[in-house]
There are 2 protein chains.
Amino acid sequence: MTSETISRLFSPRSVAVIGASRDPRSVGHQIFHNLLAGGFQGPVYPVNRTARDVASVRAYPSVLDIPDPVDVAIIVVPAPAVLSAVDECGRKGVKGLVIITAGFRETGADGAAREARLADLLDKYGMRAIGPNCMGILNKNPDVRLNATFSPATNVKHGKTAFVSQSGALGMAILDQAADLGLGLSYFASLGNKTNVSTNDLLAVWADDPQVDLILLYLENFGNPRKFIQLARAITPNKPIIAVKSGRTAAGARAAGSHTGALAEGDAIIEALFEQCGVIRAQSIQELFEHARVFSRASAPRGRRVGIVTNSGGPAIMATDALLARDLQLAELTEETMKRLRAALLPEASVANPVDVIAGGGATDIRAAIEAVASDPNVDALIVIYTPPVFVDDVAVSRAILDAKRGDKPLLACVLGKDSGGSAFHLLTEGGLPTYVFPESAVRALAALVRHTEWHQRPTGHVLPISGARPDEASAILQRAQASGAEWLDPDDATRLIECYGVSVARSKRVTTPTEAAEAAASIGGPVVLKAIAPGLVHKSDAGGVDLKVVDAAESYRKMSAGLTERGYAMEGALVQARIPRGHEILVGMAGDPKFGPLLAFGLGGIFVEILKDVSFRLAPLTDEDAKRMVRSIRAWPLLEGARGNAAADVPAIEDALLRVSALVSAHPSIRELEINPLIVGEPGHGAVAADARVRIWPAGIMPRAAAVTRELATH
Amino acid sequence: MTSETISRLFSPRSVAVIGASRDPRSVGHQIFHNLLAGGFQGPVYPVNRTARDVASVRAYPSVLDIPDPVDVAIIVVPAPAVLSAVDECGRKGVKGLVIITAGFRETGADGAAREARLADLLDKYGMRAIGPNCMGILNKNPDVRLNATFSPATNVKHGKTAFVSQSGALGMAILDQAADLGLGLSYFASLGNKTNVSTNDLLAVWADDPQVDLILLYLENFGNPRKFIQLARAITPNKPIIAVKSGRTAAGARAAGSHTGALAEGDAIIEALFEQCGVIRAQSIQELFEHARVFSRASAPRGRRVGIVTNSGGPAIMATDALLARDLQLAELTEETMKRLRAALLPEASVANPVDVIAGGGATDIRAAIEAVASDPNVDALIVIYTPPVFVDDVAVSRAILDAKRGDKPLLACVLGKDSGGSAFHLLTEGGLPTYVFPESAVRALAALVRHTEWHQRPTGHVLPISGARPDEASAILQRAQASGAEWLDPDDATRLIECYGVSVARSKRVTTPTEAAEAAASIGGPVVLKAIAPGLVHKSDAGGVDLKVVDAAESYRKMSAGLTERGYAMEGALVQARIPRGHEILVGMAGDPKFGPLLAFGLGGIFVEILKDVSFRLAPLTDEDAKRMVRSIRAWPLLEGARGNAAADVPAIEDALLRVSALVSAHPSIRELEINPLIVGEPGHGAVAADARVRIWPAGIMPRAAAVTRELATH
């Protein structure tokens, strides 16, 4: 029902422009003009308080005066007049609005108040509105032809790419570039303040719209990232989503209470989010366009082996460099292919990959080379690089490239030399090939396509139930701590909490005197370690709050207490803990973001995390596959495999711990940060034991917005 | 004298085109046509065996028939006719040639033989020749106007940028793009096979040419990289050099005998080389052009603090992200500046950096904003981002940006929206501002400019003499080993060799029986370690060939020998070595490249080098400053400073060891690889001791080409 209203916003049967103006230098005029010039397939009614006609079309003083039904109204009146215009639309029965006018939340408190009233009005009438403070929407479907933007957008072609931009200015640039590159659009929307219609709303509609094959996003922030994950996971297997997310550094100011918290600052959440839902991240608008060309036009490659056909050496070398830098491979051609090439090409041509038909090789040579390379079983994708030599017929070469048989293998073209190559570039683009000027751009785009294909071939895994979890006991621990007003769980509670979800913890006792320490050591038996408990003590080992080589526990306790006092800490007690046999030291952590929910972190302990920042992140809840990939995506992964004669680690035990922590934090949104550091991991089959755990909680009564959706995802 | 001949090649008083053709579809015709159409300031003589005239100009059957002197001949006859044409030029007294014709080394053995004969002929007559297999040269100086290429290059403007390309195809692209971007060229050369004139030859000439302010290079390989370093070091303080080096991965096949050797594969040498001589490396042709625009047009910034002026939010966020990703800073504006901005701009404008004049802010606002930000003492450089809104006067805005007073602070412009912004983009470019479409491009270029400026502000340091070096003793060790036909020095010799240059080595004795091992341990006194000597044993500790915890040396020897036998190694003996107190384990290594000379490597030992590849490289000889930067440029550097409560390392001792190894390998080119692993480094003031050294040598009689130049650099 609501998604139908949004669909209708882009495909109205009639449109009113409230604020259509006679002044050709005004936005109100330009939009009205663009609707007419774009050939909208229905009536467009100008609404103007005073004018009898606008651009030769009969005008109405109010939307209420229009004698026919109006599906969508475009509102361009000054900010103070917006609310009454919206109210009139509501009374008229208009269901969809595009509010171009600025002067809302983005301008301060008065604007924010106006925006709140606007939201209420929209709810009251059940209207859906794009904006305010946006540059409008576009539907290139020939049955609709809606250009409700203030860009003329005359060159934009009809196609199957839909584009949402949070920035109007970038929207302008996008429409211009799309035209230049022959990228065909179905829909475009500039969302402005996203008061009523969000990116997620559009994704939900476009998921099932046959007019959309590819979705491009320019995002500055997320409204509901958890909902975004759900939608994107469902969409990306069928329709790639390419996104630019800017404002990477905006999060910098969050206060962090643990390594995990500090590491999770900045961009890690966004990377994890896109990775987990199969969204392709472009690093810039330029990359967005480069990628879009290949995703809208090329078939999926079967692997990473690339064949290059070129008529000049230098650019092929650059392409090869770029391939290897992006983990693609230079295909090794079969003897048969090379024989075929040798027969077809000039004697000076190079028949090994990259295949160089040389400058003297014309249209016939290039076509023969593409066909031979495409039919090679060792080749998954092709790049053809054409540098127009003097006096070679660009049209014939372009034809040859377009006509060459290549089965279903993707082919990307690269035309160097813009002026002299202009015609080949445009012929190939118009012929439907993803075409680039620089070899690096083609390779970058192909690499994104390969990654995307591989992503969707991998199993996504499942969020599995955790055996032996005791959620009620965990809730009780957390509630008691919240009730006491504590920010951090005390160490006993922290370890008991993770034990509730089946994470093994080293046997330990809490003590408050040297004598108790000695007794505890005796009762635990075997070697023990001593860890201080002191208010404000965060990095224990730095401050001398950890003794890993206890001989006499009472003596250790006394020394530690004295040392901490000297450093300004009051030692309230200590944990006496069974010393765990040596193993890999691992950090498993979680930082809760009020909007994104729990972000899990994994890395090797100590300097790997703190100096080298070698950490992988995923949003909870993890699937079993998420956990596997998370462990394998740190640089130091070979160490866990037993590189260089070191002992291998019990990797399934690490994955298990990650899944248990994921389940814990997903089920208990009052956990704000959690860090197991170290988790001591034995050799394969020997399991993993937490030596220390720290848990920070939200104050009672604060329930992060993301919690509900996290739970929902956990059961999906 | 020879450099004068090369200068004359670009500024001849008369030119002959040997192979000038009447067929308008031939290169011989095109070049002749381009010389005339380009307005060459002197006579151009067509040479054609049979034609009476070419393009209405009287032709000659041979260069010998031309009645006037000829400075330069362009040769475009078929390959088999090249040598006789060159011989005739020699007899005529022509001093400079541009040989366009292909069919030499690049086509196989016959071509290589022809090229060798060509080289001899050139030597015989003392001629200098560009090519063969090239696309020609260009001189845009209005006094010369030489277009001896087969590109029409009609749009290329005169300026002070010189460009050498090793690829003809990229040359074409380059000329096209230069025209598009308004990059003014003085010279362009496509060097082809570099038989006689190299990149270094041109650098030597352009170093003192007032027509050249900026040098761009596209390189696929180096002829004499050591000479390149010398030239580039002298040039870059005055004239920036920006280079694209492709073929990064070509070196992959070299056989390496140590960690250092393996790590030095690929691109490390090139990175080190450019870093050491202040050449700016562009990662692609696109980046080359982006960088060139700012280097040819902007003044040097005083620091990293960037002020942004924009008329739209989204692009400014993207610019901010890009700034921070490239280690630039968003300038913090003073209260005064913000007050000034508040007074000048619309009430909705944002007066903190990035300063957003908003879409409603016109030419006056943008100008006021630039002037206020430029006058802020906290701002070192400016980026102005302009997204042309509808109906705003692009000409007025462009004028305002160009006219805004900004002292000597660099200003880069960014115009989003190509179609609607086309005129602003071109007006700003023509007005002399480095102008980009995407904010990331502008930031990338500015970051390169900042890096370049900082590089040349830092001291370069000196190659200092090494105290207490015993070069004769080192030579004797190496000669004896070479004479014995050994590939690797035996462990005794290896440690003695590094001791000759003052590197401390742990006291050790070589033993061949368990009994000797026990005696050696007793004579060294204190704790010892035992290290196996066995043919073919490279990674000793992996194979159980190292015992760091010797209790009974005889017993250790027996066990080690048995273990190695089991693994297929025959233990010939062992080193008994004083156990060094714990410290940071460091790798200092060298891999000799026959062309580039010795490449030094530095990193923390063990997994840091082997798994994390956290290694820095420099070419020998090191200056004292090189050594300092080398140590500080690994990711793990904070560990040596004593991060997280660990002991700090004696960093001067590491630098000293690097300088000593640098001196050793520079003075003794027969060293092929060298690796000290580990060098055990104590706390500050406690020095560094090598625990193990391995040295590989070149076979007797092989003296790498680079050796002579390395020596020369060492004394400079």
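## Considerations on the overall build of chain A
Broken down by element type, chain A carries 25 helices and 30 strands. Projected onto the principal axes, the alpha-carbon positions of chain A cover approximately 95 × 80 × 40 Å. For chain A, the residues scored as buried account for 55% of the 716 residues in total. Excluding contacts between residues fewer than 6 apart, the proportion of contacts in chain A whose partners are at least 24 apart in sequence is 73%.

## Some details on the interface of chain B and chain A
A common measure of how large an interface is: the accessible area buried when the components associate. With 56 residues of chain B in contact, the opposing surface of chain A contributes 55 residues. Elements that contribute at least two residues to the side of chain B that touches chain A include exactly helix 2 (27-37), helix 5 (168-181), helix 10 (285-297), helix 11 (313-325), helix 15 (418-430), helix 21 (607-610) and helix 23 (637-640) of chain B. Here the residues of the side of chain B that touches chain A are counted per class, giving 23 nonpolar, 19 polar and 14 charged.

## Focus on the nonpolar core
Val17(A), Ile75(A), Leu446(A), Val17(B), Ile75(B) and Leu446(B) are the most contacted members of the largest nonpolar core, which has 445 residues in total. For Val17(B), the contacting residues outside a window of four places in its chain are Gly28(B), Ile31(B), Phe32(B), Leu35(B), Val44(B), Pro46(B), Val47(B), Ile74(B) and Val76(B). Formed by 19 residues, the second largest nonpolar core is a distinct cluster that contains Ala543(A), Ala553(A), Tyr557(A) and Leu575(A).

## Brief notes about the relation of the copies chain B and chain A
Overlay of chain B on chain A (RMSD 0.1 Å): rotation 180 degrees, translation along the axis 0.1 Å. On the angle and the small slide along the axis, the relation comes out as a two-fold axis. Counting the interface residues of chain B, we find that 98% of their copies in chain A are interface residues as well, pointing to one common contact surface.

## Overview of the packing of helix 13 (residues 363-374) of chain A against helix 14 (residues 394-403) of chain A
All names here are of chain A. Running from N to C, helix 13 and helix 14 cross one another at 15 degrees; their axes reach a closest spacing of 8 Å. With respect to helix 14, the element helix 13 is oriented roughly parallel. Relative to helix 14, helix 13 is oriented so that their crossing is right-handed. From helix 13, Ala363, Thr364, Ile366, Arg367 and Ile370 reach across to helix 14, where they touch Ala396, Val397, Arg399, Ala400, Ile401 and Asp403. Classifying every residue of the contact of helix 13 with helix 14 by side-chain character gives seven nonpolar, one polar and three charged.

## Notes on the sheet that holds strand 7 (residues 128-130) of chain A
Residues and elements named next belong to chain A. The five strands are arranged 2-1-5-6-7 in an open sheet whose pairing can be described as parallel. At either margin of the open sheet sits one strand with a lone partner, and together these are strand 2 (44-47) and strand 7. When the angles between neighbouring strand axes are averaged without regard to direction, this sheet yields 20 degrees. Two strands pair when backbone bridges link them, and strand 1 (residues 15-18) and strand 2 are joined in this way by four bridges, in the parallel orientation. Residue pairing for strand 2: Val17 is matched across the bridge by Pro46. On top of the sheet, helix 2 (residues 27-37) reaches strand 1, strand 2 and strand 5 (72-75); it is set at about 165 degrees to strand 1, its chief contact. Along the sheet, helix 3 (residues 79-92) makes contact with strand 1, strand 5 and strand 6 (96-99), crossing strand 5 at roughly 170 degrees.

## A closer look at the environment of Gly502(A)
All names here are of chain A. Relative to the elements of secondary structure, Gly502 occurs in the loop between helix 18 (491-500) and strand 21 (508-511). Sequence-wise, Gly502 and Leu599 are 97 residues apart; in three dimensions their C-alpha atoms are separated by 20 Å. Once you skip the residues sitting within four places of it in the chain, Gly502 turns out to touch Ile466, Ser467, Gly468, Ala469 and Arg660.

## Some words on the domain arrangement of chain A
By the assigned domains, chain A splits into domain 1 (2-212), domain 2 (299-457), domain 3 (507-579) and domain 4 (584-714). Computed from C-alpha atoms alone, the centre-to-centre distance between domain 1 of chain A and domain 4 of chain A is 45 Å.

## Brief notes about the pairing of strand 28 (residues 671-681) of chain B
Residues and elements named next belong to chain B. Taking burial as the measure, the eleven residues of strand 28 include eleven buried ones, the bulk of the element. Two elements, strand 25 (residues 584-593) and strand 28, share seven bridges in a ladder whose sense is antiparallel. Its bridge partner being in strand 28, Met590 is matched across the sheet by Leu674. Summarising the sheet, strand 28 and strand 30 (residues 693-697) pair through five bridges and their orientation is antiparallel. Looking at the pairing, Glu673 lines up with Arg696 of strand 30. Relative to strand 29 (residues 688-690), strand 28 runs antiparallel, the two being bridged by three bridges. For Ile680, the partnering residue across the bridge sits in strand 29 and is Val689.

## As for helix 12 (residues 335-344) of chain B
All names here are of chain B. Those residues of helix 12 that fall on the buried side of the exposure criterion are Thr337, Arg340 and Leu341. Looking down the long axis of helix 12, one finds its buried residues gathered within 100 degrees of arc, a one-sided arrangement. Away from its buried face, by an angle of more than 90 degrees, helix 12 presents the exposed residues Glu335, Glu336, Arg342 and Ala343. Buried residues along helix 12 sit against strand 17 (355-356) and helix 13 (363-374).

## Points about the sheet that holds strand 6 (residues 96-99) of chain B
Residue and element names in this part refer to chain B. Spatial strand order, 2-1-5-6-7: five strands in an open sheet with parallel pairing. Only two strands of the sheet have a single neighbouring strand rather than two, namely strand 2 (44-47) and strand 7 (128-130). In this sheet, neighbouring strand axes are inclined to one another by 20 degrees on average, regardless of whether the strands run parallel or antiparallel. Here strand 6 pairs with strand 7 via three bridges, running parallel.

## A few points about the packing of helix 3 (residues 82-92) of chain B against helix 4 (residues 109-125) of chain B
All names here are of chain B. Two elements in contact, helix 3 and helix 4, have axes separated by 10 Å at closest approach and are oriented at 5 degrees. With respect to helix 4, the axis of helix 3 lies roughly parallel. Each of Val82, Leu83, Val86, Asp87 and Gly90 in helix 3 lies in contact with helix 4, whose residues at this interface are Arg114, Arg117, Leu118, Leu121, Lys124 and Tyr125. Each residue belonging to the contact of helix 3 with helix 4 can be placed in one class, and the counts come to six nonpolar, one polar and four charged.

## Structural notes on the pairing of strand 5 (residues 72-75) of chain B
Residues and elements named next belong to chain B. Neither face of strand 5 is exposed, since Val72 and Ile74 on one face and Ala73 and Ile75 on the opposite face are all buried. Pairing analysis gives four bridges linking strand 1 (residues 15-18) to strand 5, with the strands arranged parallel. Looking at strand 5, one finds that Ala16 is bridged to Ala73. Relative to strand 6, strand 5 runs parallel, the two sharing four bridges. Opposite Ile74, over in strand 6, you have Val98 as the bridge partner. In this fold, strand 5 hands off to helix 3, which returns the chain to strand 6; that crossover is right-handed.

## Here we look at the environment of Ile466(B)
Residues and elements named next belong to chain B. Take Ile466: it is sitting in the loop between helix 16 (439-457) and helix 17 (471-484). Of the residues examined, Ile466 has 18 C-beta atoms within 10 Å and is grouped as partly exposed. Put simply, Ile466 and Ser14 are 452 residues apart on the chain and 55 Å apart in space, counted from C-alpha to C-alpha. If we ignore the near neighbours within four places in the chain, the residues touching Ile466 are Tyr501, Gly502, Leu659, Arg660 and Ala663.

## Focus on unusual backbone geometry
Of note, the bond from Gly131(A) into Pro132(A) is cis; its omega dihedral lies within 30 degrees of zero at -5 degrees. Mapped onto the elements of the fold, Pro132(A) is located in the loop between strand 7 and strand 8 (136-139). Between Ala620(B) and Pro621(B) the backbone carries a cis peptide bond, its omega angle lying at 0 degrees. Considering the arrangement of structural elements, one finds Pro621(B) in the loop between strand 27 (615-619) and helix 22 (624-632). A positive phi angle is found at Asn133(B), which is not glycine, with a value near 65 degrees. Structurally, the position occupied by Asn133(B) is in the loop between strand 7 and strand 8 (136-139). Given 23 C-beta atoms within 10 Å, Asn133(B) falls into the buried group. The phi torsion at Asp327(B) lies on the positive side, around 60 degrees, for a residue other than glycine. Tracing the sequence through the fold places Asp327(B) in the loop between helix 11 and strand 16 (329-330).

## Comments concerning the confidence of the model for chain A
The predicted model of chain A averages 89 in pLDDT, with 93% of residues at 70 or higher. In the model output, the complex is listed with pTM 0.86 alongside ipTM 0.82.

## A closer look at the environment of Leu328(A)
Secondary-structure assignment places Leu328(A) in the loop between helix 11 (313-325) and strand 16 (329-330). As a C-alpha pair, Leu328(A) and Val47(A) span 281 residues in sequence and 57 Å in three-dimensional space.

How each quantity is defined
- Residues numbered from 1 in each chain as written.
- Chains lettered and ligands numbered in written order.
- Predicted model: local features only at pLDDT ≥ 70, side-chain atom pairs only at ≥ 80, totals over all residues.
- Helix = DSSP H or I, 4+ residues; strand = E, 2+ residues; numbered from the N terminus.
- Buried ≥ 20, exposed ≤ 12 C-beta atoms within 10 Å, placed from the backbone.
- Contact = placed C-beta atoms within 7 Å.
- Nonpolar A, V, L, I, M, F, W, Y, C, P; charged D, E, K, R; others polar.
- Core = buried A, V, L, I, M, F, W, Y, C linked by C-beta atoms within 7 Å.
- Least-squares fit on C-alpha atoms with pLDDT ≥ 70 in both.
- Axes fitted to C-alpha atoms, helices over the stretch in contact; angles between N-to-C directions.
- Parallel < 35°, antiparallel > 145°, perpendicular 65-115°, else oblique.
- Left-handed = near helix turned anticlockwise from the far one by under 90°.
- Pairing = 2+ DSSP bridges.
- Domains from an automatic or database assignment.
- Arc of directions from axis to C-beta.
- Right-handed = clockwise from strand over helix to strand, strands pointing away.
- pLDDT = per-residue confidence, 0-100.

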